[in-house]
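Remarks on the overall topology
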Amino acid sequence: MGKLRWKALVGIALALVFLAAPLSALAAVKTVNILKVSADGARLRDAATAGEVLTTLAKGTKVFYLGRSGGMAYVCTERGVKGFVYAGYLEAYGAVRLSNIYYVKSSSLSVYKSPSTSSKRLGAIPKNGYILLTKANGNWGYIKTLSGKGGYVLLSGLKRAA
């Protein structure tokens, strides 16, 4: 009976290890929250208290949440502008893995309909613009902007944000 009890305990311990391992791996994944501006004309400032206005954000604009200082949220726009906006003007939108956030390191980066420079050019992402890389294959990656536009880019023009 002692051996049977011991084998049962070892079996339970191993089962717990195998069940807990995927959970701990998930806990290690760093994410960044995406917030949506809920008020038109929200001011993005260079400081948390009475800072200079860098730009205004339209209602519906999505931003990356970087932190908080009192009632102000520290955010980054898809164009790479970082600053503070009143947290009451923001609402939760979603979250992404930090490893999927990239920025444009070249002067600008062309976006194409398919993974070929001979395909239709959909537009360009400016230098320091932030995007979400959803899949990569060879030299090409499929990206999405915070405004929802997508297309293919050459990976050589991107740098991981983290």
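The structure displayed is predicted, hence computed values, not measured ones.

Let us look at the pattern of salt bridges. Opposite charge on two side chains makes pairing possible when the charged atoms of those side chains draw close. Under the definition given, this model contains 1 salt bridge. Across the pair Lys-36 and Glu-91 runs a salt bridge whose closest N-O atoms are separated by 3.8 Å. Of this pair, Lys-36 sits in strand S1 (residues 31-37) while Glu-91 sits in strand S7 (residues 90-97), and the two are 55 residues apart along the sequence. A residue is classified by how much of its surface remains accessible, and Glu-91, at 35% relative accessible area, is partly exposed.

Here we take up the pairing of strand S5 (residues 72-76). Counting buried residues in S5 gives 4 out of 5 residues, a clear majority hidden from the surface. Direction of pairing for strand S4 (residues 62-69) relative to S5: antiparallel, over a ladder of 5 bridges. Along S5, the bridge assignment pairs Phe-64 with Cys-76. Two successive antiparallel strands, S4 and S5, enclose a turn made up of 2 residues, where Gly-70 displays a positive phi of approximately 60°. Taken together, the 5 bridges between S5 and strand S6 (residues 82-86) define a ladder with antiparallel strand orientation. Pairing of Tyr-74 across the sheet is with Phe-84, part of S6. A loop of 5 residues connects S5 with S6, the two strands running antiparallel in sequence, and Gly-80 in this loop sits at a positive phi of about 90°.

Definitions and cut-offs
Residues numbered from 1 in each chain as written. Predicted model: local features only at pLDDT ≥ 70, side-chain atom pairs only at ≥ 80, totals over all residues. Heavy atoms only, no water. Salt bridge = Lys/Arg side-chain N within 4 Å of Asp/Glu carboxyl O. Helix = DSSP H or I, 4+ residues; strand = E, 2+ residues; numbered from the N terminus. Buried < 20%, exposed > 50% of the residue type's maximum accessible area, 1.4 Å probe, protein only. Pairing = 2+ DSSP bridges.

It is worth stressing that arrangement in space is one thing and function is another; only the former is reported here.
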